[in-house]
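Chain by chain, the residues:
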Amino acid sequence: MRALLLVLVAAACSLRAATYYVTVAGLGGTPEYEAQFAKWAAELQKELEKAGASGAQNVMLRGNTATRAALEQAFERVAAEAKPEDELAVFLIGHGTFDGTDYKFNLPGPDISAAELARCLDQIPAGRQLVVNMSSASGASVAALSRKGRIVIAATKSGTERNATVFPRYWIDGMRDPAADQDKNGTLTTLELYRYTTRKTAAYFEAEKLLATEHPMLSDKASAAAVRDPSPENGQGLLAARFAILQPAHETAKNLGPEKQRLITQKEDLEGQIDRLKYAKAAMDPEEYKRELTTLLLELARTQAEIDR
């Protein structure tokens, strides 16, 4: 019986959720932008590969290959493979346009609108999804893309911020900079990376003494109204805090025994409970909140001690 139990535990751990990555470098319009977008896409993909994202789950489209048809085919392949427990992360680097009604991401040939992109993503079973739209005018895409279980990040606050963005530069820098991992737990979450990129983007315009032409925004509670500063007060950021961009510890865990894998899963669950409790703080009795938080923190410490043993 014990041997059978260990087999079942090992099998369950081997079925950990997979994450699919799709990175797109859109139409540049000039040789300079074409080269810049392609470079950023390649650098982003390199960081994902260093963290263990496999080739089959890490798709990049750039240059003349980044057509709407190719992007739709990539999403169809993911839809055929992904399961509800899996995750999907989409990174859009390039130019976007907004005509007052529709946002479109610029691609060689026909562009793809936010509504068309949303329809593609809605067909993918992955229960947790992330879309990081780093293009100009990307704020206009948030309403169409927002859905339960999906984090939407835009480099601009609206469709009227039309200048080429510097957001991608700092998003990639954050994937390399240990300072972006604010809690120093080895896992870089979407929320941590968003906050890092937002700070660096603002600092760029201040250092250059330029009027800021982009203001990043985030929505992860199926709301068309994205916010600049996610917090428990506005209810935004909970899902982003649980979606890992880089998670070396997760990759290392694959080589551990069933008991250590169980403990790592338990730790992740406790961290999720703590995050949810923080977001519920405003509606709770202060003493009840303190008791529940203390209990969870003690259990998390015990679990971490078992992992480190």
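Thresholds, definitions, all that
- Going along each chain's sequence as written, the residues are numbered from 1 onward.
- Per-residue local features are limited, in this predicted model, to residues with pLDDT of at least 70; the limit for side-chain atom pairs, both in listing and counting, is 80 or more; totals at the level of whole chains, interfaces and linings are taken over all residues.
- The side-chain values count all of the structure's non-hydrogen atoms but skip hydrogen atoms and water molecules.
- A score from 0 to 100, pLDDT tells how confident the predictor is in each residue.
- Only heavy atoms enter the contact rule, under which two residues are in contact if any of them lie within 4.5 Å.
- We call two strands paired when DSSP finds no fewer than two bridges between them.
- The secondary structure listing takes helices from DSSP runs of H or I that are at least 4 residues long and strands from runs of E that are at least 2 residues long, numbered from the N terminus.
- Axis geometry follows a simple rule: fit a line to the C-alpha atoms, using only the stretch in contact for helices, then measure angles between N-to-C directions, giving values from 0 to 180 degrees.
- Relative accessibility thresholds used throughout: buried, under 20% of the residue-type maximum; exposed, over 50%; partly exposed, between the two (1.4 Å probe, protein chains only).
- For this analysis, a ring pair means two rings from Phe, Tyr or Trp (six-membered ring only for Trp) whose centres lie within 6.5 Å, classed as stacked if their planes differ by under 30 degrees, edge-to-face if by over 60, and tilted for the remaining angles.
- When an angle is under 35 degrees it counts as roughly parallel; over 145 it counts as roughly antiparallel; between 65 and 115 it counts as roughly perpendicular; any other value is oblique.
- Here a crossing is called left-handed whenever its near helix is offset anticlockwise from the far helix by less than a right angle, and right-handed whenever the offset is clockwise.
- Think of it as three bins: nonpolar holds Ala, Val, Leu, Ile, Met, Phe, Trp, Tyr, Cys and Pro, charged holds Asp, Glu, Lys and Arg, and polar takes everything else, Gly as well.
- The sign given to each residue is positive for Lys and Arg and negative for Asp and Glu; His and the chain ends receive no count.
- The salt bridge criterion pairs a side-chain nitrogen of Lys or Arg with a carboxyl oxygen of Asp or Glu, the two atoms within 4 Å.
- In the analysis that follows, any N or O atom pair within 3.5 Å is treated as a polar contact, provided that within protein one partner can donate a hydrogen and the other can accept it, and provided that, for residues neighboring in sequence, both atoms belong to side chains.
- Among the buried residues, those of types Ala, Val, Leu, Ile, Met, Phe, Trp, Tyr and Cys that are joined through side-chain atoms within 4.5 Å form a nonpolar core.

(A) Molecular detail of the confidence of the model for the protein. For the protein, the average pLDDT comes to 88, and 90% of its residues sit at 70 or higher. Across residues 1-15 the pLDDT falls below 50, and counting only partners more than four positions away or on other chains, this stretch makes six contacts in the model. Contacts of residues 249-253 to residues separated by more than four positions or lying in other chains number seven contacts, the stretch itself having pLDDT below 50.

(B) The sheet that holds strand S7 (residues 128-133), seen in detail. Taken in spatial order, the six strands line up as S2-S1-S3-S7-S8-S10 in an open sheet, and their pairing is mixed. Edge positions in the open sheet fall to strand S2 (58-61) and strand S10 (217-219), since each of these has one partner strand only. Across this sheet, the average inter-strand angle for adjacent strands is 10 degrees, counted without regard to direction. Where strand S8 (residues 150-154) and S10 come together, three bridges link them in antiparallel fashion. Residue pairing for S10: Ala 154 is matched across the bridge by Met 217. The strands touched by helix H3 (residues 68-81) within the sheet are strand S1 (19-25), S2 and strand S3 (87-93), with S1 carrying the most contacts at an inclination of about 180 degrees.

(C) View of helix H6 (residues 167-176). A large share of H6 lies buried, amounting to seven of its ten residues. For H6, the full list of buried residues reads Phe 167, Pro 168, Tyr 170, Trp 171, Ile 172, Gly 174 and Met 175.

(D) Structural detail: the packing of aromatic side chains. If you walk through the whole model with that rule in mind, you get six aromatic pairs. Ring centres of Phe 167 and Trp 171 lie 5.8 Å apart, and the angle between their planes is 25 degrees; on these two criteria the pair is classed as stacked. With Phe 167 and Trp 171 both in helix H6 and four residues apart, the pair spans about one turn of that helix. Under the relative-accessibility criterion, Trp 171 is labelled buried at 0%. An aromatic cluster is defined as three or more aromatic residues linked by ring pairs; in this entry it consists of Tyr 33, Phe 37 and Trp 40.

(E) Spotlight on the packing of H6 against helix H7 (residues 190-207). Packing of H6 against H7 brings their axes to within 8 Å, and their N-to-C directions diverge by 130 degrees. Taken together, the axes of H6 and H7 lie oblique to each other. Considering the relative orientation of H6 and H7, their crossing is right-handed. Taken together, the residues of H7 that come into contact with H6 (itself represented by Phe 167, Arg 169, Tyr 170, Trp 171, Asp 173, Gly 174 and Met 175) are Thr 190, Leu 193, Tyr 194, Tyr 196, Thr 197, Lys 200, Thr 201 and Tyr 204. For the contact of H6 with H7, the class distribution of residues is eight nonpolar, four polar and three charged.

(F) Representation of the side chain of Thr 187. When you line up the elements, Thr 187 lands in the loop between H6 and strand S9 (188-189). The contacts of Thr 187, once residues within four sequence positions are left out, are Asp 181, Glu 192, Ala 244, Leu 246 and Gln 247.

(G) Fine view of the side chain of Glu 161. Checked against the element boundaries, Glu 161 lands in the loop between S8 and H6. No salt bridge forms around the buried Glu 161; measuring N to O, its nearest opposite-charge neighbour Lys 157 is 4.5 Å away. Of the polar contacts made by the side chain of Glu 161, one reaches the side chain of His 215; its length is 2.6 Å. If near-sequence neighbours (up to four positions away) are discounted, Glu 161 is found in contact with Ser 136, Ala 137, Thr 156, Thr 213, Glu 214 and His 215.

(H) Focus on the nonpolar core. Counting residues in each nonpolar core, the largest one holds 35 residues, and the members touching the most others are Leu 44, Phe 91, Leu 130, Ile 153 and Trp 171. Examining the composition of this core, we find that five residues originate from one element, helix H2 (residues 31-50), more than from any other. Those residues in contact with Ile 153 that sit more than four places away from it in its chain are Leu 130, Val 131, Val 132, Asn 133, Phe 167, Trp 171, Thr 190, Tyr 194, Met 217 and Leu 218. If you look at the next biggest cluster of nonpolar residues, it comprises 33 residues, including Tyr 20, Val 90, Ala 118 and Ala 226.

(I) Representation of the sheet that holds strand S6 (residues 112-113). Strands sit in the order S4-S5-S6 across an open sheet of three strands; the sheet is antiparallel. Pairing within the sheet leaves two strands with one partner each, and these edge strands are strand S4 (96-98) and S6.

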